[in-house]
Amino acid sequence: MELVKRVAKEIDPRIWTLTTAACGLGGLVLVVQRIRCHWNAKRKIERAKERRAESLQRAEQAVSRYKDASPNMDSSLILSLSLSELTEQLHEGSLSPEDVFHSYMEKALHVNKALNCCTGALMESLDQLETIGSSKDGLLYGVPVSIKDNFGYKNHDSSCGLIKHLEQPAEKDCVIVEVLKRQGAIPFVKTNIPQGLMNYDCSNPIYGQSVNPHNLQKTTGGSSGGEGGLIGGGGSILGIGTDIGGSIRIPSSFCGICGLKATGGRLSSRGIASGLPGQKSLCASAGPMAQDVDSLALCMQALLCDHMFSLDPTVPPLPFNMKIYQSSEPLRIGYYLNDDCTEPSPSMARAITEVKALLERAGHTLVPYCPPRVGQVINGLAKSLFPDGGSPLLDNLKGGPVDQNVASQVFFYRLSNTMKKILSLIIRPLFPRMADTFNALCGVRSIPNLWKIHTSLEDYIHEAIAEWRRCNIDVLLCPVIGPAYNLHYCGKVSSVLSFTTIYNVLNFPAGVVTVSTVTAEDEEKLKHYKGNYQDPWDKLFKEAVTGGEGLPVGVQCVALPWQDELCLRFMKEVEQLVKQKRR
């Protein structure tokens, strides 16, 4: 200590002064940089909001001008038609593409004012409308189509709800948008998403929170939540979303529509932005969303064409098999209620039970089946998704505010691995499931360990298929998360994602059909809901779905990889049986 004091006395005081000044200057520079970064982010958000407001205002003006010039346009009739009816009348000429376009643009603008589901109107669609006659042979001739924010559309941002992606417009359309246009469809609006596509809500600091068309106090779900809200509210007849853990299926369930997560690779992903580009642990997939299953099938038929196979040779050239979709052979159907991770809500369980009974009465065979080891696989998945603890997700958020719906997730990602392990040890005696998740979020220690997890996930696919074959089933009926959550819960309840994420792990096509609504009896039973683990996540799930009387309830239909047409055929069977019951 004396030596330190002696050395300090011998150092020129000017050096101390310069050192202190340098430290202070360095601190000041950091503060200025942070303030500047915050200011730049704020200005970027303001400019993005201005661009959205301007596009929506221009769309409103275009609709007003067209209505003044076309007093005989019957929007109510147009909006009442199914996609099949609409395309038929467009092709035969009894409806004009201009009337259809402006009817849906007007409705989309109206729905957006209530739900905040659009990130902007695509005004280039008016130019496309002028030359639409050249696409009259297309299967979707004259059909307005909404697209999720992350789909590349020339000269427009694919923000993914992230400030870092603002003011970086796409240089060209993504493959799916190109194919839609070739088939005569008119992409007319982009729709909202959660920040970084990080969870299954639909809110971000740029465009705000989207809300449910059936109850404004509920969320649309996500990440394709803007699509779910817009279609569920009647503002779009057909939309395109993406799904990496339930992002098409959950909004379809919450908003009372139909949606298909196609087999990964069946549709092109070129030009579609991702919140986690480069990750290969979960198979992301694009897919259609609409009011009925026939619309999904028509969209798949339109997309699975030579033009897509030419634009993206990595997509297998498998045209849509209409024979399988239209088949009426009896099916052998697996089913389950509980995947051992999450106990379904009373309305979810009732939906499966009622649909099972309808299918049996229609002559189908129902047999118990459940994917093996779901909880164990989901934990392995978390390690492979976040091998370093989640730094890519945190990097996405740099330079701007964190949305409240992802704040709880970000909090855990930011903890050191040491803190995560300590928390895991402390809570394990009481909450083993949560302890396993905290431990999984520590990531892996080495590249060889990551490869081992990838290998185990590949082995699991074959294990699940072997069990499927052993049960000799064609398709599978199972729960989908629902009903729609109260606002701000999605980021807090990740455990329930096992119902949907497992089919991304397996890369099985999976779709959602709405079959019922929440009853007063469901709400009464929910009061006694405990869950499989009776831990905080089970309690949060109960809180999230409380107050859902009257909200839509769906079921999930699943098939083996590349059997998307069979999955849709099964969905159509469920849809028809439910309609017959209601009559």
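Up top you'll find the structure we're talking about.
Since the structure is predicted, the reported quantities are computational estimates derived from the model, not experimental observations.

Draft legend 1. View of the overall build of the protein chain. Along the backbone of the protein chain there are 23 helices and 15 strands. At 26 Å, the protein chain has a C-alpha radius of gyration in line with the 25 Å of a compact globule built from 583 residues. In terms of overall dimensions, the protein chain has C-alpha extents of about 95 × 60 × 50 Å along its principal axes. Looking at the protein chain as a whole, 56% of its 583 residues are labelled buried. Pairs at least 24 residues apart make up 81% of the contacts formed inside the protein chain by residues separated by at least 6 positions. By element, 55% of the accessible surface of the protein chain is carried by carbon and sulfur atoms, the whole surface being about 25,000 Å².

Draft legend 2. Structural view of the pairing of strand E9 (residues 258–261). Every second residue of E9 is oriented toward a common face, with Cys258 and Leu260 on one face and Gly259 and Lys261 on the other, all of them buried. Taken together, the two bridges between E9 and strand E10 (residues 285–290) define a ladder with antiparallel strand orientation. Bridge pairing in E10 links Gly259 to Met289. Two strands pair when backbone bridges link them, and E9 and strand E14 (residues 510–517) are joined in this way by three bridges, in the antiparallel orientation. Considered in E14, the bridge of Lys261 is made with Ala510.

Draft legend 3. Seen up close, the packing of aromatic side chains. On inspection of all chains with the given rule, the structure shows twelve aromatic pairs. Ring centres of Phe411 and Phe412 lie 5.3 Å apart, and the angle between their planes is 75 degrees; this geometry places the pair in the edge-to-face category. Residue Phe412 is classed as partly exposed on the basis of its relative accessible area of 27%. In this structure, Lys356 is placed above the aromatic ring of Tyr335, and the distance from its NZ or CZ to the ring centre is 5.1 Å. Seen from the ring of Tyr489, Lys492 lies directly overhead, with NZ or CZ sitting 5.2 Å from the centre.

Draft legend 4. Structural context of the sheet that holds strand E8 (residues 238–243). Here eleven strands make up an open sheet; going across it, the order is E1-E3-E2-E8-E10-E9-E14-E15-E13-E11-E12 and the pairing mixed. Edge positions in the open sheet fall to strand E1 (118–121) and strand E12 (365–368), since each of these has one partner strand only. Here the average twist between neighbouring strands, direction ignored, is 30 degrees. Against the sheet, helix H5 (residues 97–115) contacts E1, strand E2 (144–148) and strand E3 (186–191), and its axis sits at roughly 5 degrees relative to E3.

Draft legend 5. Structural context of the side chain of Ser75. Structurally, Ser75 can be placed in helix H3 (residues 75–80). Given the relative accessible area of 16%, Ser75 is considered buried. In contact with Ser75, not counting residues within four places along its chain, are Ser103 and Glu106.

Draft legend 6. Geometry of the packing of helix H14 (residues 374–385) against helix H19 (residues 447–471). Packing of H14 against H19 brings their axes to within 10 Å, and their N-to-C directions diverge by 145 degrees. The handedness of the crossing between H14 and H19 is left-handed. Every residue of H19 that contacts H14 at Val374, Val377, Gly380, Lys383 and Ser384 is listed here: Leu450, Ile453, His454, Leu457 and Tyr460. Among the residues making up the contact of H14 with H19, the classes are represented as six nonpolar, three polar and one charged.

Draft legend 7. Seen up close, the packing of helix H10 (residues 293–303) against helix H23 (residues 564–582). Axis separation between H10 and H23 bottoms out at 9 Å; the angle between their running directions is 160 degrees. Between H10 and H23, the crossing angle belongs to the class labelled roughly antiparallel. When the axes of H10 and H23 are compared, the crossing they make is left-handed. Contacts from Val293, Asp294, Leu296, Ala297 and Met300 in H10 reach Leu568, Met571, Lys572 and Glu575 in H23. For the contact of H10 with H23, the residue count by class is six nonpolar, no polar and three charged.

Procedures and definitions
Residues numbered from 1 in each chain as written. Predicted model: local features only at pLDDT ≥ 70, side-chain atom pairs only at ≥ 80, totals over all residues. Heavy atoms only, no water. Helix = DSSP H or I, 4+ residues; strand = E, 2+ residues; numbered from the N terminus. Rg over C-alpha atoms; globule rule 2.2 N^0.38 Å. Buried < 20%, exposed > 50% of the residue type's maximum accessible area, 1.4 Å probe, protein only. Contact = heavy atoms within 4.5 Å. Areas by Shrake-Rupley, 256 points an atom, 1.4 Å probe, with all protein chains shown as cover. Pairing = 2+ DSSP bridges. Phe/Tyr/Trp six-rings, centres within 6.5 Å; stacked < 30°, edge-to-face > 60°. Lys NZ or Arg CZ within 6 Å of the ring centre and 35° of its normal. Axes fitted to C-alpha atoms, helices over the stretch in contact; angles between N-to-C directions. Left-handed = near helix turned anticlockwise from the far one by under 90°. Nonpolar A, V, L, I, M, F, W, Y, C, P; charged D, E, K, R; others polar. Parallel < 35°, antiparallel > 145°, perpendicular 65-115°, else oblique.

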